[in-house]
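Spelled out from the first residue to the last, the chains are:
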Amino acid sequence: MLSNIRSMWLVFLRMFHKRVTVQYPEKKNYLPPRWRGRIVLTRDPDHSERCVACYLCAAACPVDCISLQATEDEKGRRYPEFFRINFSRCIFCGLCEDACPTYAIQLVPDFEMAEYNRQNLVYEKQDLLIDGQGKYHGYNFYKVAGVAVGVKEKGGGDNEDKPVDIKKLIP
Amino acid sequence: MNPIWAHILTLVLVLLVMVTIAAGLIYVERRMLAVWQDRLGPNRVGPFGLLQVMADMIKIFFKEDWIPKFADKRVFVLAPMIVMISILMTFAVIPFTPLISVVNLNIGLLFFLAMSSLGAYSIVLAGWASNNKYSLLGAIRGSAQMLSYEVFMGLSLMGVVVMAGSFNLHDIVMAQNKVWYFIPQIVGFVVFFIAGIAETHRLPFDIPEAESELVAGYHSEYSGMKFGMFFVGEYLGITLISALIVTLYFGGWRGPHFLPPVIWFLIKMFVFILIFILMRASLPRPRYDQLMSYGWKILLPLSLLNLLITGACVLYFK
Amino acid sequence: MPLGLIMAKIFVDNIEYEVPDGKNLLEVCLSLGFNLTYFCWHPAMHSVGACRQCGVVNFKDENDKRGRLVMACMQAATNGIRISIEDPRAHAFRAGNIEALMLNHPHDCPVCDEGGECHLQDMTLMSGHNYRRNTFKKRTHYNQYLGPFINHEMNRCIQCYRCVRFYNDYAGGKDFAVFAAHDDVYFGRQEEGALENEFSGNLVEVCPTGVFTDKVLRKHYTRKWDLTSAPSVCHQCSLGCNILASERYGGIRRILTRYNGDVNGYFICDRGRFGYEYANSDKRIKQALKKSGNTLQHLSKDSALQEIKDFIFSGKNIIGIGSPRASLESNFMLKELVGENNFYGGIPKQESALISQAISILHQGKVKTPSLKEVESYDAVLILGEDITNTAPMLALAVRQAAKNKPREKAYALKIPHWDDAAVREIVQGEIGPVYLLTTHHTKLDEISTKSQYTTPDDIARAGFSIAQQINHSLPTVDTADDAMQAFVAAVARDLLNAKRPLVISGTSLFSSSVIQAAANIAYALKDSGKDAGLVYAVPEVNSTGMSMMASKDLDDAIARANEGGIDALIITENDLYYRIEKNKADDFLKNCGHVLVLENLQNETTAKADYVLPAGTFAESTGTVVNNEGRAQRFYQVYKPSNDICSSWEWLNEFRNSVSDTYAENFDAVVDEMVKRYPDLQKVKFAAPDANFRKGTQKIPRETARYSGRTAMLANINVSEPKPPVDKDSPLSFTMEGYQGIPPSADIPFFWSPGWNSVQSINRYQTEVGGSLHGGNPGVRLLEPSEENKSGYFDKIPERFTKKEGEWWIIPFYHIYGSDELSVKGPALAERIPSAYISMNEKDLNKNNLREGDKVTISFSGDKINVPVKEENTLPDGVAGLPKGFEGLTGVQFPFWGKITKV
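Remember, it's a predicted structure, so these values are computed and weren't measured experimentally.

Peer 1: Before we go on, may I ask you to explain the overall build of chain B in this structure?
Peer 2: Across its full length, chain B carries eleven helices and zero strands. In chain B, the succession of helices and strands from N to C terminus is α-α-α-α-α-α-α-α-α-α-α. Taken against the 2.2 N^0.38 rule, which gives 20 Å for 318 residues, the C-alpha radius of gyration of chain B at 20 Å falls within 12% of a compact globule. Carbon and sulfur atoms make up 73% of the accessible area of chain B, which totals about 14800 Å².

What follows is the structure, given as structure tokens:
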């Protein structure tokens with residue numbers, strides 16, 4: 001009984017505490033630059049799309065809200081023909097960013113995406129692709145991968161020898 | 001003024017004020033809960049969010065008035081009406097000031113007890129008519145709870161009746177000219193207060209509608225204005241119990257003369273309403289069996305003891 | 001080799017298992033369900049012990065604590081052997097080995113098409129190696145252009161040598177090799193160019209990593225986990241190889257081999273693998289069409305059903321033309337709709353008669369026709385007239401394996417187990433078993449033939465009869481063309497008689513019933529001399545056998561009836577008449593038939609002439625049963641539900657039957673039930689696959705993998721609210737990823753996957769033993785079994801010898817794997833490999849007419865003219881010319897025929 005009255009008293013005293021509620025649209029919280037909101041697609045230092053359409057983000061997505069189709073340019077460089085994310089299903093878990101092997105998908109602090117029409121929450125590649133490299137400057141997947149696809153000469157990657165001349169006789 | 005017209009005016013006024021207060025309590029409760037939980041509460045609709053009540057009302061009026069196919073339709077409709085009517089009837093006997101009261105009934109207190117017993121029907125009927133296991137479970141719990149707590153609710157009031165020598169609420173207030181009864185009747189007050197919570201099935205005694213166990217208890221199947229009646233009925237119940245506490249133990253309209261009596265009554269009443277809300281903000285719900293054993297094993301002996309001592313004292317000092 | 005007869009007790013990690021004797025440890029460990037890593041071993045190509053990846057510790061006895069490391073693939077699973085897979089030393093060895101193999105493997109997985117179904121990924125994970133410690137630079141290689149089918153990325157190679165072992169040793173390729181030395185070895189061609197072998201597509205599945213990947217898939221790349229797949233049957237020739245067809249975003253994405261221990265085993269040919277693109281063609285008919293003026297206008301499904309009912313079915317005399325490329329059910333439904341007397345098979349009389357004869361020989365005769373897989377077990381082969389590399393490619397691959405059987409006996413005599421591939425090949429060297437070819441001209445199998453002889457179709461038949469006579473002397477003697485042929489006949493007869501299991505292969509491709517009869521005679525004669533003989537006939541199309549079992553009349557009968565007049569309407573199901581018969585004949589026929597309704601999947605000349613066209617499903621959009629050349633009925637399933645009105649032909653016909661006669665088959669199984677009731681011969685079709693009520697527990701078999709992605713986004717551009725997934729009432733498969741996750745019944749395997757095994761190597765988990773049958777038996781049922789007593793008897797109608805005509809050529813069909821099939825040629829990748837049309841003749845004939853290779857000539861025959869360049873083919877007999885069959889501009893030609901050839 002006494003403890004009940006004590007807890008009532010303590011709760012009553014909360015009246016004189018500072019409010020934790022933030023008056024959101026008028027007042028906005030500070031969001032750190034690495035805060036994880038919605039995704040964007042970034043670009044390589046050479047300004048072409050970082051996304052290589054490997055489908056790992058789609059596979060990692062627990063709500064299956066990413067779908068894409070791979071295609072290639074004339075040099076064989078992979079890129080998504082379309083890249084669609086249904087933000088009305090997205091749970092902002094960030095697993096797509098974790099799965100992305102090329103730093104193409106990055107999460108930005110944007111979360112204010114409410115729409116009156118749910119259809120407008122379906123984002124296509126042109127809605128997602130930004131003009132910069134995002135958080136990871138200078139990284140180019142093709143420099144560390146084995147395929148050349150016009151980004152480098154064959155064997156011109158960061159950790160590669162020149163291609164073997166298989167017709168040479170020297171052992 | 002024609003006394004008949006004055007009566008009708010009082011009646012309409014009391015009805016309007018009480019229902020408005022009850023509706024307003026929806027806002028007050030949400031706001032106060034927020035205040036005690038470091039939040040802000042509804043503050044978007046109108047100044048300080050005051051129009052939230054309006055918004056809620058509009059919403060609830062325009063909701064589809066839906067009755068489940070499996071329900072007993074007539075009883076289903078009847079149940080929420082009983083709760084409103086029985087509580088509103090009780091307000092008729094409450095003396096807000098020496099002049100403002102609907103009737104000056106010489107068995108006012110008994111009338112209140114009778115009406116609050118009727119309130120149990122609304123829960124039983126609602127739960128039964130819903131034809132749903134959670135509703136029925138809620139109804140069974142509710143009826144058991146109300147029946148049990150009514151016993152010593154009545155008994156706890158007997159101390160006041162003995163001291164005032166009347167069932168007339170007007171007389172009881174008048175009898176408190178020397179000392180408010182909460183001092184001699186402190187035990188009776190505490191027991192009545194607890195029983196009042198149980199009667200209105202407010203937290204922590206909201207066992208008939210314990211949402212974590214029973215969905216929404218007896219009113220699981222209700223929506224729209226029928227649910228609204230249960231909802232408003234609950235706030236009317238709070239107001240009623242607060243008004244009775246004020247009348248029986250805290251001298252009714254009495255107070256220093258710089259404020260008119262009706263204001264004193266309302267201030268006192270609101271203090272108790274806020275205590276009701278504070279309890280919701282702070283106390284956890286007991287188990288059902290704990291509730292029952294608490295009532296029968298502690299409160300009932302306590303109220304009997306209180307009646308015995310009060311009677312003895314009254315006889316001794318006579 | 002009969003397996004499972006003798007059992008051996010082995011101990012793996014101190015637990016006793018009973019396994020079939022005569023296998024190696026790797027095989028038995030995989031069959032027992034252990035996760036043991038390997039690269040160079042392949043179930044079809046066996047062990048060479050090169051990659052050192054399957055190391056296990058072998059203990060002398062239970063007291064031996066040290067043991068020694070052995071390669072599981074090189075160790076026989078003998079009675080009492082004790083090994084440990086889990087021993088820390090074995091673990092460390094395997095992890096270390098894979099680390100070394102991965103030294104130069106590039107960081108390519110995200111852009112590699114093998115990713116997600118990569119044996120190297122699986123094995124790396126399984127071995128426990130996970131971090132590259134080597135800091136030196138990676139070696140790189142230039143890639144080669146290998147044609148329209150295969151993509152080459154040599155950087156990824158881990159030197160397991162599986163590709164050369166398959167391409168050269170197994171499939172007999174000549175244009176692929178390993179170059180250079182040590183860690184620079186290079187697998188490719190001497191110079192860039194398309195891989196010539198017909199089975200090059202299997203490199204995609206054989207290569208454990210992404211060196212060889214599917215270039216056609218690359219154009220619309222989709223990961224394995226995102227594909228909706230269904231078990232299907234290849235529609236590109238008569239062998240009925242089992243395939244897995246996969247779809248994404250409403251298009252077929254790729255074809256993979258579906259292992260069937262009785263049919264195609266681990267491989268399929270390139271026509272089957274890459275010839276699916278017509279299913280995605282722009283020429284697909286996706287909606288009902290109605291002729292108005294000279295154009296076709298679109299019609300909604302409901303109005304099409306109503307209009308066609310009023311317009312076509314108001315007529316009294318309606319005839320139906322079936323098709324050898326439509327399923328049994330579609331042909332049956334057409335027959336039900338128009339009535340027994342009004343149903344005609346969709347092929348000319350000549351072809352129909354040949355197929356019927358082949359069926360009756362297999363059914364009435366006493367010689368068994370082996371399954372495609374059994375062909376590999378014969379030890380002497382004679383091929384009569386058929387260019388099987390081009391008409392039935394997988395049969396050629398099977399014959400290539402059969403050719404190795406006899407020489408290998410030497411190795412077995414030395415107690416070398418059959419799986420010890422390197423040792424066996426060391427003994428065999430270049431030796432090839434008796435394979436005799438008697439064809440009209442040089443064919444690719446000449447590479448492995450003991451002797452090949454080229455002559456005219458009639459002389460092939462005569463030589464065949466002569467061989468039969470040499471085996472069974474009671475038969476009438478037949479004289480052959482010359483001494484060379486005489487010697488050949490004698491050699492063939494001798495080697496067939498010397499063999500334990502001789503096999504005769506022939507087919508309908510020469511349009512000669514004498515050749516078919518001669519082949520039967522040889523097989524009968526061998527059987528009579530106590531041999532376990534086999535007889536295989538290649539037939540033209542996927543369901544030629546099935547349709548012929550159902551149709552008593554043919555296209556020519558229909559034309560004759562139309563000429564009499566009185567036909568109100570004609571219904572053609574999945575058949576292009578202009579592909580079957582000459583243009584003017586087809587024109588007249590369609591004119592004589594009043595209204596024409598065509599159910600077809602691609603626009604063609606017939607659909608252009610039709611009053612109404614309905615969109616019929618290809619193998620991808622329909623469910624049905626087809627019967628292959630062996631008489632094996634096999635079920636293929638709809639891969640996906642198209643968003644347009646395309647559906648199985650039998651579904652359309654079922655709708656019409658409902659509106660005309662008020663009988664409606666509820667689903668596919670109801671159609672099959674009706675069919676088997678009507679045709680007792682087809683009784684077993686009911687057991688070709690589980691029916692639609694089949695459940696594993698309470699669950700259907702999902703067509704999608706558990707990791708299928710994009711469900712809530714793939715259609716979100718159309719509508720953000722996801723539609724209800726389609727329901728399949730015709731099969732035990734579901735169109736979603738929900739359902740039974742274990743191993744489904746063998747006929748209903750939509751993809752191969754098992755935990756830890758994402759690549760096709762997971763097949764090991766689906767088999768009772770490595771290379772054996774699938775769990776629950778291989779799918780498909782044989783409808784044709786030989787009769788005990790020889791009802792058909794020896795054939796005695798020996799054709800006259802071929803006589804030349806002055807100034808005219810006997811023009812026979814030449815077949816091409818890429819080009820001689822009606823539908824596969826409509827795909828762009830395969831079209832790249834189609835040679836341009838030509839006419840071949842030998843040098844003597846060329847010189848006689850002052851022709852030189854490349855000259856344009858006009859072939860004139862029965863009022864028709866064709867212009868093609870001439871090509872030299874010296875093995876052709878005099879007075880005979882070869883014209884490719886089914887090429888653009890050459891469709892509808894009725895082979896063989898006499899034609900005049902004049903220089904343009």
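Peer 1: What's the story with the interface of chain A and chain C in this structure? I'm lost.
Peer 2: Many analyses report the size of an interface as the accessible area lost when the parts associate. In this complex, chain A contributes 48 residues to the contact, which on the side of chain C involves 52 residues. Here chain A and chain C share an interface that buries about 3800 Å² over both sides, 50% of which is from carbon and sulfur atoms. In terms of surface lost to chain C, no three residues of chain A exceed Asp-64, Arg-78 and Ile-166 of chain A, which account for 16% of the buried area on that side. One can count seven salt bridges joining chain A with chain C. Put simply, Glu-153 of chain C and Lys-154 of chain A hold a salt bridge, and the shortest N to O gap is 2.7 Å. Taken together, the connections running from chain A to chain C amount to 30 residue pairs in polar contact (both at pLDDT 80 or more). Contributing elements (two or more residues each) for the side of chain A that touches chain C: helix H2 (56–60), strand E2 (66–72), strand E3 (78–86), helix H5 (141–144) and strand E6 (160–163) of chain A. By residue number, the principal contributor to the side of chain A that touches chain C is E2 of chain A, which donates six residues. Counted by class, the side of chain A that touches chain C contains 25 nonpolar, nine polar and 14 charged residues. Two elements, E6 of chain A and strand E6 (residues 138–140) of chain C, share two bridges in a ladder whose sense is parallel. Looking across to E6 of chain C, one finds that Glu-160 of chain A is bridged to Lys-138 of chain C.

Peer 1: I would appreciate a short explanation of the packing of helix H5 (residues 133–164) of chain B against helix H11 (residues 288–317) of chain B in the present structure.
Peer 2: Each packed pair of helices is defined by two parameters, the angle between the axes and the distance between the axes. All names here are of chain B. As a packed pair, H5 and H11 sit with axes 8 Å apart at the nearest point and diverge in direction by 15°. Considering the angle they form, H5 stands roughly parallel to H11. Our pair here, H5 against H11, has a crossing hand that is left-handed. Here the residues of the contact of H5 with H11 are counted per class, giving 19 nonpolar, nine polar and one charged.

Peer 1: How should I be thinking about the sheet that holds strand E13 (residues 251–257) of chain C in this particular structure?
Peer 2: Residues and elements named next belong to chain C. Here three strands make up an open sheet; going across it, the order is E11-E12-E13 and the pairing antiparallel. For this open sheet the edge positions go to strand E11 (228–233) and E13, each flanked by a neighbour on one side alone. Averaged over all neighbouring strand pairs, the angle between strand axes comes to 30°, with direction disregarded. Here E11 pairs with strand E12 (residues 242–248) via six bridges, running antiparallel. Opposite Val-233, over in E12, you have Asn-242 as the bridge partner.

Peer 1: Would you explain the interface of chain A and chain B in this entry?
Peer 2: Contacts between chain A and chain B engage 17 residues on the former and 18 residues on the latter. Of the roughly 1400 Å² buried where chain A meets chain B, counting both sides, 60% is carbon and sulfur surface. When residues of chain A are sorted by the area they lose upon contact with chain B, Met-8, Val-11 and Arg-19 of chain A head the list and together hold 39% of the total. Taken together, the connections running from chain A to chain B amount to three salt bridges. Viewed at the interface, chain B and chain A are joined by eight residue pairs in polar contact (both at pLDDT 80 or more).

Peer 1: Just to check I follow, could you spell out the pattern of salt bridges for this structure?
Peer 2: When their charged atoms lie close together, side chains carrying opposite charge are able to pair. Going through the model one piece at a time under the given rule, you end up with 81 salt bridges over all chains. For Arg-19 of chain A, the salt bridge identified is with Asp-38 of chain B, shortest N-O distance 3.9 Å. A residue pair is termed interchain when its members come from two chains, as with Arg-19 of chain A in the loop between helix H1 (2–13) and strand E1 (39–41) and Asp-38 of chain B in the loop between helix H1 (3–36) and helix H2 (52–62). A salt bridge links Asp-184 of chain C to Lys-168 of chain A; the nearest nitrogen and oxygen atoms lie 3.4 Å apart. Of this pair, Asp-184 of chain C sits in the loop between strand E8 (177–179) and strand E9 (186–188) while Lys-168 of chain A sits in the segment after E6, on two different chains. Overall, the relative accessible area of 38% leaves Lys-168 of chain A in the partly exposed class.

The rules behind the values
Residues numbered from 1 in each chain as written. Chains lettered and ligands numbered in written order. Predicted model: local features only at pLDDT ≥ 70, side-chain atom pairs only at ≥ 80, totals over all residues. Heavy atoms only, no water. Helix = DSSP H or I, 4+ residues; strand = E, 2+ residues; numbered from the N terminus. Rg over C-alpha atoms; globule rule 2.2 N^0.38 Å. Areas by Shrake-Rupley, 256 points an atom, 1.4 Å probe, with all protein chains shown as cover. Contact = heavy atoms within 4.5 Å. Buried area = accessible area lost by both parts, 1.4 Å probe. Salt bridge = Lys/Arg side-chain N within 4 Å of Asp/Glu carboxyl O. Polar contact = N/O pair within 3.5 Å; in protein donor to acceptor, adjacent residues only side chain to side chain. Nonpolar A, V, L, I, M, F, W, Y, C, P; charged D, E, K, R; others polar. Pairing = 2+ DSSP bridges. Axes fitted to C-alpha atoms, helices over the stretch in contact; angles between N-to-C directions. Parallel < 35°, antiparallel > 145°, perpendicular 65-115°, else oblique. Left-handed = near helix turned anticlockwise from the far one by under 90°. Buried < 20%, exposed > 50% of the residue type's maximum accessible area, 1.4 Å probe, protein only.

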